[in-house]
Structure formats: structure tokens, C-alpha cells
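Coordinate inspection notes
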Amino acid sequence: MNLHLHTALLALVAVSLPVIAHADGTAPIADRRALSAAAQRDAQGNAINTLTLSLPVGQHGWVQGGLGRTQLQDETTAARTRSHQASLGAGLVGERWQAGVGVTQRRGGDRLRQQDLIASIDRRIGQRWSVGLDVTRREGRAESTGTTADGTPGRVTQRLTGQGAGVRLAVAANDRLTVYGAVQQSHFTSSTETAGTPAGDGVLGGLLTQANRVTVVNREEAALTQSQLLGATVRVSDRIAVSGEVAQDRLLGGGMLRSAQLRPALRLGDSGWTLSPGVGISRSSAGTSVGSGSLRASYAWE
């Protein structure tokens, strides 16, 4: 079975969490080096760009580092908010299992600080089944200028803390078809504090993207309390595979995100290069539909 098309342990470690690891992603492999660049953008002007490097350590270990930049655009004011992120992961690969940990830091100047942690383990069962478990934690802080109770300007500090757990399952129906699914549940606590006043429950907009602005592009910026994903990968040939998936997410603060994506993967001969263009559509609980496109280029060598 082609490992690139099977269950990924930390397929999206280069982006923020909580996350459901996609079964068709490029997982770190202990005997190969890989460099991957990806760009994704939606019709609302939201965009994310990432660069990831994976390296083997010894015979069974790997390390992975990544850099990225996210742009969120407010459709009403046309204002753009940018943040930068850095990630680091490491793990071990056995004959029928793999395990790893990863951390991602996202910063938007003095406005935003966010940290996500993930620990994952995968186990192959027989020749066709694979199951994975994820544990995640998020800590975030955002600062902005607001108004105190007496009407004077003051600094507003928002804090968000959350923990989550998820399960992934994949089955190779035959040599060409792999079906996979995942569920994730997270719980968050939050507070908002204005200078000179006690902290209160609830989070303003600094740490929560508005429900009608969340798409597949910026979903990792959002706080997701529940996520479900179902997908399939079809190997058309030894050089071409096509993955499609549908997902549903429940957002903290209310609202739902339903999305679908289609991503072919094209291996360019024996050059080590793989190209993966993609298209997607997202639909919020308000009924707004937003299209998106992506492109990933990966190079692997021994």
C-alpha cells in the first residue's frame, strides 16, 4: 500500500490546531526528506501560505518544521489582518505504528498570541485498517483597544484555553480505494478583561473569527468545538491519486461550517516532485457559500 495515500499522522502539523489529520496528506517518513510549499485562497480574500521541511532522524525518527502566513480580510471594512506562524514536530515510526508531537505558534504583532499542541498515535490493524488518536490543546491571547465602564478608552485582553480529543479511522477497500473518517471534540474556556475592570466570561472578536467568515482556508484560526470528516482517496495509477472529502464543524460562539474539497495528486515521473491542486466550497449556517482554491508542491528525496 502506498504510504503517501494512507493515514497521515501529522499531515497538517504546519498549520494551527485543533485539526483533523487528513488521510491523504503527506506524513513525515523516517527514511526520506521532504520539502513542501502550499498556498490556499478563498473568494473572500482569506489566504494562507506555508512552507514545511521534514527530515529523518536515525532509522525510525523524524523532525518537521514549518513557517506560514495567514491573511484574513474583513469584507465590510476591507481591512486585512495578517499573522505569522511557526511549527515544530517530531516522532517515531515503527513497523505497524507511528507517534508524534507538534507545536504551532501564531503571532499577529502585539494583537495576537496563540499556541497549539498536538500528540498523536497511529496503529495499523491487519493489512487494510488503520486507527489514530489525537489529543490537542490551545492557548490564545488577543489585545485590543476598547471602552471601559465609565466610557474612557482602555485595553481589552481576551484569553482562550481549550483541550480536545479526536479519533481517525481509515480502511483500504482495495488496492486503489482508501476510505477515511475522523471526529474531534474540544472544550474551551474564555474570558474578556478591560483595564480597570474584573475579567468576565466570553470572548470578543479578537480570538474568534466571525461564523460567516470561516471557510476551509481559515478554519484552523477558528475555535472548533466539534468536527466530523469523511473522505476517500482513489489511486487512478501509480502516479495519480484523487482525494475528496466533506466536513462539518461547529464553531465556538455559535454557527456551523460545512465544506467539501477535491484534491488530485500528480507525481511527476521519478523526479521526486508531486503537485496537488485543489478546489473547495464552504457553506456557513447563514447560508453563504464561498469557493476556494489551493496548490501544493512537494519534493521528496532520500
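Residues numbered from 1 in each chain as written. Predicted model: local features only at pLDDT ≥ 70, side-chain atom pairs only at ≥ 80, totals over all residues. Heavy atoms only, no water.

**Thoughts on the overall build of the protein**
- If you tally the helices and strands in the protein, you get 0 helices and 15 strands.
- Counting all 302 residues of the protein, 44% fall into the buried class.
- Total accessible area computed for the protein in this model is approximately 14,500 Å², and 58% of it derives from carbon and sulfur atoms. (Helix = DSSP H or I, 4+ residues; strand = E, 2+ residues; numbered from the N terminus. Buried < 20%, exposed > 50% of the residue type's maximum accessible area, 1.4 Å probe, protein only. Areas by Shrake-Rupley, 256 points an atom, 1.4 Å probe, with all protein chains shown as cover.)

**Remarks on the environment of A119**
- Structurally, A119 is set in strand 6 (residues 112-125).
- Of the residues examined, A119 reaches a relative accessible area of 33% and is grouped as partly exposed.
- Sequence separation of A119 and V101 is 18 residues, and the distance between their C-alpha atoms is 4.4 Å.
- The residues contacting A119, other than those within four sequence positions of it, are G100, V101, L133, D134 and V135. (Contact = heavy atoms within 4.5 Å.)

**Here we look at the pattern of salt bridges**
- Scanning the entire structure with this criterion turns up 9 salt bridges.
- Residues R219 and D249 are paired through a salt bridge, measuring 2.8 Å at the closest nitrogen-oxygen approach. Here R219, found in the loop between strand 10 (200-201) and strand 11 (224-235), pairs with D249, found in strand 12 (residues 240-251); they are 30 residues apart in sequence, far enough to count as distant.
- Residues joined by salt bridges that share partners form a network here, namely D122, D134 and R168. (Salt bridge = Lys/Arg side-chain N within 4 Å of Asp/Glu carboxyl O.)

**Considering the environment of G162**
- In this structure, G162 sits in strand 8 (residues 153-172).
- Here the alpha-carbon distance between G162 and T189, two residues 27 residues apart in the chain, equals 6.3 Å.
- Other than its neighbours up to four places away in sequence, G162 contacts T136, R137, R138, H187 and F188.

**What about the confidence of the model for the protein?**
- The predicted model of the protein has a mean per-residue pLDDT of 83, with 80% of residues at 70 or higher.
- When mean pLDDT is taken per element in the protein, strand 1 (residues 33-42) scores highest with 96 and strand 10 scores lowest with 48.
- Within the model, the stretch residues 1-26 combines pLDDT values under 50 with 111 contacts to residues more than four positions away or in other chains.
- The low-confidence segment residues 201-205, where pLDDT is below 50, has 16 contacts with residues more than four positions distant or belonging to other chains. (pLDDT = per-residue confidence, 0-100.)

**Observations concerning the packing of aromatic side chains**
- Applying the stated criterion to the full structure yields 2 aromatic pairs.
- Here the aromatic cluster, defined as three or more aromatic residues joined through ring pairs, consists of W273, Y299 and W301. (Phe/Tyr/Trp six-rings, centres within 6.5 Å; stacked < 30°, edge-to-face > 60°.)

**So, the pairing of strand 5 (residues 97-108)**
- Covered by surrounding structure in strand 5 are Q98, G100, G102, T104, R106 and G108 only, the residues W97, A99, V101, V103, Q105 and R107 on the alternate face being uncovered.
- One ladder, built from 10 bridges, connects strand 4 (residues 80-93) with strand 5; its direction is antiparallel. Along strand 5, the bridge assignment pairs A86 with Q105.
- Two strands pair when backbone bridges link them, and strand 5 and strand 6 are joined in this way by 12 bridges, in the antiparallel orientation. Each residue of the ladder has a partner; that of Q105, found in strand 6, is Q115. (Pairing = 2+ DSSP bridges.)

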